[in-house]
Amino acid sequence: MTSDEFPSENASPADTDADKGLAARARRARAARRKPPPEPEAPVHAEAETERESDTLALVLGSGGARGLAHLPVLEALDELGVVPSIVAGTSIGALIGAAYASGIPAREIRLHLVHTFRDRAGMLQKLLAARVGRFTDLLSAGLGNPVMVDGPTLFSAFLPEGLKSDFAELKIPLAVLATDFHARSPAVFTSGPLLPPVAASAAVPGLVRPVEIDGRVLIDGAVVDPVPVACVAGRARYVLAIDVTGRASIRDGLVPTALEATLAAAQIMQAVISAEKLRQRPPDILVQPKVDAFGILDFLHTHAILHASEPVKDEVKRRVTALLDVRTGTRPLSPR
């Protein structure tokens, strides 16, 4: 330490304090000169603000078999608005279409693929036969195998469009897939791991698609516990857009149904009752219910008619989503993805 750092013997306490204050100010001034000037803040673009706001919209796609094709106009509306959901949740057909959409496949491409697939009746039959797990001779054996039951992963991989991701981690949009744990009698939600097995489990319609086993759990159609799984996105987004295609049973009033019609219609009735109660408990911000009651859950050969009947929901979704985001958050739609 040099002598300059000590006060002189004749210095008064006040002089010493003043000197210390001057020295401190000098040190701060030198430090300020050495510190580089702060970089100017980057301007906040409207697009960035909009993207953050759009991330507050969750999309829920319900079950309904062929009626679930009505999800496509909804997805097209979001694409045309440029609104990208922060998360997609799906049950059964909603999980299948949701997986394709969350993989980054545009809604228009999904539509074209499914229209082409279901128009090719010979190709459909070939895919169904390739996925069949039983033989017709099994009906005569003690095992009583089901000759019409199919293997879900085999069937759905054949029907889904190219570009489907193989793992949840690869998805462009987070996805929640709901299946039913058969033995636990409870919902089973999947958000990570291989993608196809949970999606196949979510659409494993009892009696038609073989149950899927994942990590020791036997899983069947998610619609058994929640046809419109709004609960899967609870706390994951500010607003929720849910699509309910359960509707009324497709049997005309006054007619006595066949055994198959009664079985399928009973499933539709149960799903409609369950979804009504679930939606009452957790009402979404926007609930869209396409007018597809005239179609059955296996009416995939009527793809054009289902899409035509559900086309009006596209304008409805555009209007209601734009109003929700613009009015309640002050944003404008993103550019189309």
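Residues numbered from 1 in each chain as written. Predicted model: local features only at pLDDT ≥ 70, side-chain atom pairs only at ≥ 80, totals over all residues. Heavy atoms only, no water.

Enquirer: Hey, could you go over the pairing of strand S4 (residues 186–190) for me, with residue numbers and the actual values?
Expert: Bridge count between strand S3 (residues 175–181) and S4: five bridges; the pairing is antiparallel. Counterpart to Leu178 in the pairing with S4 is Val189. Taken together, S3 and the strand that follows it, S4, pair antiparallel across an intervening segment of four residues, in which Arg185 is found at a positive phi of about 55°. (Pairing = 2+ DSSP bridges. Helix = DSSP H or I, 4+ residues; strand = E, 2+ residues; numbered from the N terminus.)

Enquirer: How would you summarise the UniProt feature "active site" (unreviewed entry) in the protein if you had to cite specific residues and measurements?
Expert: Within this numbering scheme, the UniProt entry marks Ser92 and Asp221 as carrying the feature "active site" (unreviewed entry). Over a stretch of 130 residues, the named residues converge on one spot in the fold, their C-alpha atoms separated by at most 6.1 Å. Secondary-structure assignment places Ser92 in the loop between strand S2 (87–91) and helix H4 (93–102). By relative accessible area, which is 6% here, Ser92 ends up buried. Contact partners of Ser92, with chain neighbours within four places excluded, come to Ser63, Ser202, Ala203 and Asp221. Summarising the element assignment, Asp221 is placed in the loop between strand S6 (217–220) and strand S7 (239–243). Look at Asp221 and you get buried, because its relative accessible area is 5%. Contact partners of Asp221, with chain neighbours within four places excluded, come to Thr91, Ser92, Thr180, Ala201, Ser202, Ala203, Ala204, Val205 and Pro206. One polar contact links the side chain of Asp221 to the main-chain amide nitrogen of Ala223, over a distance of 3.0 Å. (UniProt positions renumbered as here; feature names shortened; annotations may be inferred. Buried < 20%, exposed > 50% of the residue type's maximum accessible area, 1.4 Å probe, protein only. Contact = heavy atoms within 4.5 Å. Polar contact = N/O pair within 3.5 Å; in protein donor to acceptor, adjacent residues only side chain to side chain.)

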